[in-house]
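# Fold and geometry: a report
The residues making up each chain are set out below.
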Amino acid sequence: MHPSFEYLLLCDIDNTLTGDDAALRTLMTLLKEKRGHIGFGVATGRSIESTAQILGTLGIDRVDVSITAVGSEIYYDDGSLLDEEWRAHIDHAWRRETVIESLSSIEGVYLQAHPLAQRAHKASFVLDDARRMGAVERALDGTTVRYRAILSHGNYLDILPHRASKGLAIAHVAKRFGIADKKIIVAGDSENDRSMLEGPYLGILVANHEESLGDLKECYRAKTPFAGGVAEGLQWWGVL
Ligand code: GLC
Ligand code: MG
């Protein structure tokens, strides 16, 4: 798999691509002009079904890679081809049923009700209070599951296999595409984007980011929110 483009831009969807329709249209027009130069993909907490739906609504076609369910699934060919190798790799020391069972009796921790939020390698919960994390980690540490816990906006909790995250999924894609780390641009706004914004990629933190990401050192902090921030970051990294 050796794509023709020089750069690959991977964007979170909610509140990174979305939030400012006019800015998104401008960004997409720009990317269309640079199609041979800059590949385009998404890295999102959404399922592939919900990703396809929102990209359709946003009028975005031709996506080179879709990293979905917080990095636990990777698809190529506009979302039709699942990366089975990645799926097998992240399955290591993962047991979804054990995760669900171990958190089921903790007060204030509820399974996300939307059926598409629950995936083979992603168990997602809602917390009534971020302070529930202590009890969550104690319960999970009492199992043999090797997990990664990501809390976004203080109340969306994703439990993933320890080998999965957006950042790790990107490393896998980079290898498959044969594309160097510094030719990959990533943009995001929330805690589930931290793993990709920490480096080694060219990171863009949009202005409307979750406060806790203020400690990120390696990425460019855009002054503009949403898709306008992505365009600003592309300029700053000298990609446009
Ligand atoms: C998306 C997913 C949800 C997840 C959240 C944070 O909204 O649908 O399941 O918890 O992102 O990653
Ligand atoms: Mg987001």
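Structural notes, computed from the coordinates. Quick caveat: nothing in here was measured; it's all calculated off a predicted structure.

### Topic: the overall build of the protein chain
For the protein chain, the helix and strand inventory stands at eight helices and 12 strands. For the protein chain, whose C-alpha radius of gyration is 17 Å, the value lies close to the compact-globule estimate of 18 Å for 240 residues. Counting only C-alpha atoms and orienting by the principal axes, one finds that the protein chain spans roughly 50 × 35 × 35 Å. Within the span of the protein chain, comprising 240 residues, buried residues form 54% of the whole. Across the protein chain, contacts joining residues at least 24 apart in sequence account for 60% of those joining residues at least 6 apart. Put simply, the protein chain shows about 10700 Å² of open surface, and 50% of that area lies on carbon and sulfur atoms.

### Regarding unusual backbone geometry
The step from Gly 199 to Pro 200 runs through a cis peptide bond, and the omega angle for that step is 5°. Mapped onto the fold, Pro 200 is located in the loop between helix H7 (194-197) and strand E11 (202-205). Its identity as a non-glycine residue notwithstanding, Arg 62 has a phi of 60°, on the positive side. Phi angles above zero are rare outside glycine, and His 153 is one such case at about 55°. Within the element layout of this structure, His 153 appears in the loop between strand E8 (147-152) and strand E9 (156-161). With relative accessibility at 43%, the residue His 153 sits in the partly exposed group.

### Regarding the coordination of the magnesium ion (ligand 2)
For the magnesium ion (ligand 2), every protein donor is listed as Asp 12 (OD), Asp 14 (O) and Asp 189 (OD), and the spread of their distances is 2.1 to 2.2 Å. For the magnesium ion (ligand 2), the donor residues sit on a single chain with the sequence spacing D-x1-D-x174-D. Highlighted residues: Asp 12 in the loop between strand E1 (7-11) and helix H1 (21-33) and Asp 189 in the loop between strand E10 (184-188) and H7, separated in sequence by 177 residues.

### Let's talk about the environment of Asp 189
For Asp 189, a relative accessible area of 3% corresponds to the buried category. Between the alpha carbons of Asp 189 and Thr 98 there is a distance of 30 Å; along the sequence they are 91 residues apart. Contacts of Asp 189, omitting those with residues within four sequence positions, involve Asp 12, Asp 14, Asn 15, Thr 16, His 153, Val 206, Asn 208, His 209, Glu 210 and Leu 213. In terms of polar contacts, Asp 189 uses its side chain to reach the side chain of Thr 16, at 3.3 Å.

### Quick notes on the site of ligand 1
As a matter of local geometry, ligand 1 sits amid Gly 45, Val 70, Gln 112, Ala 117, Lys 122, Ser 124, Tyr 156, Asp 158 and Asn 192. With respect to ligand 1, the side chain of Gln 112 contributes an N or O atom lying 2.7 Å from an oxygen atom. Taking Asn 192, its side chain carries an N or O atom lying 2.6 Å from an oxygen atom of ligand 1. For ligand 1, whose accessible area on its own is 310 Å², the fraction buried by protein is 76%. Of the residues assigned to the shell around ligand 1, the class counts are three nonpolar, four polar and two charged. For the shell around ligand 1, the two domains that each supply at least three residues are domain 1 (7-89 + 164-236) and domain 2 (93-161).

### Topic: the side chain of His 172
You can see His 172 is positioned in helix H6 (residues 166-177). Judged by relative accessible area, which is 13%, His 172 ranks as buried. A polar contact of 2.8 Å, which involves the side chain of His 172, links it to the side chain of Asp 83.

Calculation criteria
Residues numbered from 1 in each chain as written. Chains lettered and ligands numbered in written order. Predicted model: local features only at pLDDT ≥ 70, side-chain atom pairs only at ≥ 80, totals over all residues. Heavy atoms only, no water. Helix = DSSP H or I, 4+ residues; strand = E, 2+ residues; numbered from the N terminus. Rg over C-alpha atoms; globule rule 2.2 N^0.38 Å. Buried < 20%, exposed > 50% of the residue type's maximum accessible area, 1.4 Å probe, protein only. Contact = heavy atoms within 4.5 Å. Areas by Shrake-Rupley, 256 points an atom, 1.4 Å probe, with all protein chains shown as cover. Donors = N, O, S within 2.8 Å, 3.2 Å for Na, K, Ca; no water. Polar contact = N/O pair within 3.5 Å; in protein donor to acceptor, adjacent residues only side chain to side chain. Near = heavy atom within 4 Å. Nonpolar A, V, L, I, M, F, W, Y, C, P; charged D, E, K, R; others polar. Domains from an automatic or database assignment.

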